[in-house]
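# Results of the structural survey
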Amino acid sequence: MAGKRTTTSGIEIKEVYTEPSKMNELPGEFPYTRGIQKDMYRGKPWTMRQYAGFSTAEESNKRYHYLLSQGTMGLSVAFDLPTQIGYDSDHELSEGEVGKVGVAIDSLKDIEILFDGIELKDITTSMTINATAPILLAMYIALAKKQGANLNELSGTVQNDILKEYAARGTYIYPPAPSMRLITDVFEYCSKEVPKWNTISISGYHIREAGSTAVQELAFTLANGKAYLKAALTKGLDINVFAKRLSFFFNCHNNFFEEIAKFRAARRMWACITKELGATDASAQKLRFHTQTGGSTLTAQQPMNNIVRVTTQALAAVLGGTQSLHTNGYDEAIALPTEAAAKIALRTQQIIAFESGVTDTVDPLAGSYFIEALTDELEAAAQLYIDRIDAMGGSVKAIEQDYIQQEIASSAYQYQNEIESGEKVIVGVNKFVQEEVPLTNVFRIDDSIRTHQIEKITALKAQRDNIAVANNLKKLKEAANGSKNLMPYILTAVESYATLGEIADTLRTVFGEY
């Protein structure tokens with residue numbers, strides 16, 4: 001096919017790349033373009049996570065035990081929408097959403113059930129939670145304490161990235177200023193109490209799912225990361241301490257080489273950003289990231305084709321140097337994945353890791369004329385965006401001015417037009433279409449789950465010490481009205497079995513809603 005070729009970000013692809021590579025850096029050396037470890041996967045493979053959580057804590061617990069038995073190396077928890085926006089299951093706004101897109105968590109009691117039979121000291125857990133991240137983290141810490149775990153060794157990640165919620169996803173509660181306070185409170189608390197915990201996973205994933213290009217995902221994610229660094233520095237925190245516990249969460253889309261170059265450029269750019277802001281410790285300069293294959297790339301038409309899409313995306317993430325990876329189930333464009341789909345998704349990672357040979361050497365595509373040029377071009381294009389955002393006063397100001405949202409919306413509109421015109425081919429959707437036989441084995445969530453959760457909340461409130469709960473919520477409100485770190489107060493409330501909604505509402509009375 002003749003004519004001009006471009007990446008999804010509009011970067012023109014030459015017919016052939018012949019200029020010799022200027023690369024002379026080694027993996028594990030600043031600015032870490034080639035990877036943050038000298039040996040990468042020769043030392044150990046990436047962490048294979050499967051994002052899971054649905055229905056009740058009891059049902060999700062069964063899935064976690066199944067995934068661990070199949071070789072999953074870390075758990076990744078999905079929470080339902082009421083949990084994400086600080087409502088208990090019995091709240092009127094929770095109706096129709098309890099347990100639908102993740103597990104319903106109303107109190108520490110649910111967390112105890114969710115991880116029943118699982119020693120938290122033996123696993124790493126990633127929690128995709130943002131506005132209520134301090135509450136869910138407090139619940140996890142409370143359970144670890146009850147299990148007798150050493151909090152100095154407790155390991156995992158809480159997403160805790162509110163800026164991308166304002167820009168792309170929408171599950172925020174409080175205005176930006178108090179939200180940033182909660183985030184930096186988590187940074188400060190964990191640096192002292194849970195030092196191996198990753199206190200934020202700065203997410204480009206949802207920016208990409210909302211319709212951004214690869215360049216925009218890279219630029220807006222790193223700009224948000226820069227805003228968190230500056231907020232923590234303003235709070236008086238040491239960048240060489242807190243920046244070590246920052247991690248990133250990227251999407252891996254369909255354009256194979258562009259995605260690999262995106263990951264390489266991200267490492268290089270972040271190393272320079274942290275250095276410019278004062279980081280001198282190498283560990284504080286390294287960009288560590290989790291990847292999930294692109295949910296928006298999955299098609300309900302010919303869903304088995306999604307296995308191929310997920311495989312190429314996972315391979316790109318590995319060649320790009322990811323630290324952990326989640327692969328989507330082929331049926332996720334239709335419903336939550338069945339056990340069979342989740343198992344194939346996990347086996348995809350295991351085959352790449354143990355059969356393909358791509359883990360035998362570090363950054364195997366380094367020196368490719370195309371990859372090196374594309375890495376440079378992605379970096380340059382992303383830097384232009386970051387410079388614009390800096391000129392506006394940073395990500396918070398850019399979001400308040402609707403700049404980032406409008407840029408994403410414009411790209412999403414263009415992408416959809418290209419699909420509808422046939423300019424962009426989606427196999428099974430606008431080309432190679434065939435008559436469909438619907439999937440019969442589809443995972444469905446029963447609406448009766450809300451009734452079950454309400455019964456648990458009612459029983460909990462009848463059994464707990466309600467005077468202690470009221471006192472702890474009063475102390476939390478007083479602290480929120482001041483300037484103290486709120487994590488100890490949230491933890492105390494959680495340990496007395498205050499519900500997630502009660503804690504979130506206490507903060508609403510002080511901070512308001514956005």
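First things first, this report covers the structure right here in the doc. Given the structure is predicted, the values throughout are model-derived calculations rather than measurements. (Residues numbered from 1 in each chain as written. Predicted model: local features only at pLDDT ≥ 70, side-chain atom pairs only at ≥ 80, totals over all residues. Heavy atoms only, no water.)

## Section: the environment of Lys262
Secondary-structure assignment places Lys262 in helix α10 (residues 256–276). For the pair Lys262 and Glu339, spaced 77 residues apart in sequence, the C-alpha separation works out to 32 Å. Those residues within four positions of Lys262 in sequence are excluded, and the remaining contacts are Arg208, Ala214, Glu217, Leu218, Asn251 and Leu378. Within the local environment of Lys262, its side chain forms a polar contact with the backbone oxygen of Asn251, the two atoms lying 2.7 Å apart. (Helix = DSSP H or I, 4+ residues; strand = E, 2+ residues; numbered from the N terminus. Contact = heavy atoms within 4.5 Å. Polar contact = N/O pair within 3.5 Å; in protein donor to acceptor, adjacent residues only side chain to side chain.)

## Observations regarding the layout of surface pockets
Of the pockets and cavities examined, the largest pocket occupies roughly 1400 Å³. For the lining of the largest pocket, the secondary structure elements donating two or more residues are β1 (5–6), α7 (205–209), α12 (305–319) and α16 (403–421). Of all the elements, α16 adds the most residues to the lining of the largest pocket, at nine residues. Each residue belonging to the lining of the largest pocket can be placed in one class, and the counts come to twelve nonpolar, 23 polar and ten charged. In this model, the second largest pocket occupies a volume close to 890 Å³. In terms of lining residues, the second largest pocket is bounded by 38 residues, among which Thr47, Asn198, Arg288, Gln323 and Ser324 are the most central. Within the lining of the second largest pocket, the residues separate by chemical class into ten nonpolar, 20 polar and eight charged. (1 Å grid on protein atoms, 1.4 Å probe; cavity = no way out; pocket = protein on both sides within 12 Å on 5 of 7 lines; lining within 4 Å. Points joined across faces, edges and corners; volume = space filled by probe spheres on them. Nonpolar A, V, L, I, M, F, W, Y, C, P; charged D, E, K, R; others polar.)

## Observations concerning the packing of aromatic side chains
Inspection of the entire model under this criterion finds 19 aromatic pairs. When the ring of Phe263 is compared with that of Phe289, the centres are 5.0 Å apart and the planes differ by 20°; the resulting orientation is stacked. With Phe263 in helix α10 and Phe289 in strand β10 (residues 289–293), this residue pair connects regions lying 26 residues apart in the sequence. Residue classification places Phe263 among the buried residues on the basis of a relative accessible area of 1%. Among the residues examined, Phe289 registers a relative accessible area of 2% and is labelled buried. Ring-pair connections join several aromatic residues into one group, and the members of that group are Phe248, Phe250, Phe263, Trp270 and Phe289. Here the basic side chain of Lys275 rests over the ring of Phe30, its NZ or CZ set 4.6 Å away from the ring centre. Note that Arg388 overlies the ring of Tyr385, its terminal NZ or CZ placed 4.9 Å from the centroid. (Phe/Tyr/Trp six-rings, centres within 6.5 Å; stacked < 30°, edge-to-face > 60°. Buried < 20%, exposed > 50% of the residue type's maximum accessible area, 1.4 Å probe, protein only. Lys NZ or Arg CZ within 6 Å of the ring centre and 35° of its normal.)

## Section: the packing of helix α8 (residues 214–234) against α10
Running from N to C, α8 and α10 cross one another at 25°; their axes reach a closest spacing of 10 Å. Taken as axis vectors, α8 and α10 run roughly parallel relative to one another. The hand of the α8/α10 crossing is right-handed. Along the contact surface, α8 presents Ala214, Glu217, Leu218, Leu222, Gly225, Lys226 and Leu229, while α10 presents Glu258, Glu259, Lys262, Ala265, Ala266, Met269, Trp270, Ile273 and Thr274. Here the contact of α8 with α10 is built from residues that sort into nine nonpolar, two polar and five charged. (Axes fitted to C-alpha atoms, helices over the stretch in contact; angles between N-to-C directions. Parallel < 35°, antiparallel > 145°, perpendicular 65-115°, else oblique. Left-handed = near helix turned anticlockwise from the far one by under 90°.)

## Quick look at empty space enclosed by the protein
One pass over the full model with this rule turns up three cavities of 30 Å³ or more. As a volume, the largest cavity reaches approximately 100 Å³. By volume, the second largest cavity is sized at about 70 Å³. In terms of lining residues, the second largest cavity is bounded by Asn130, Ala131, Pro134, Asn160, Asp161, Ile162, Ile173, Tyr174, Ser179, Leu182 and Ile183. Considering every element that reaches the lining of the second largest cavity, the biggest residue donor is helix α6 (residues 176–193), with three residues. When grouped by side-chain class, the residues that make up the lining of the second largest cavity number seven nonpolar, three polar and one charged.

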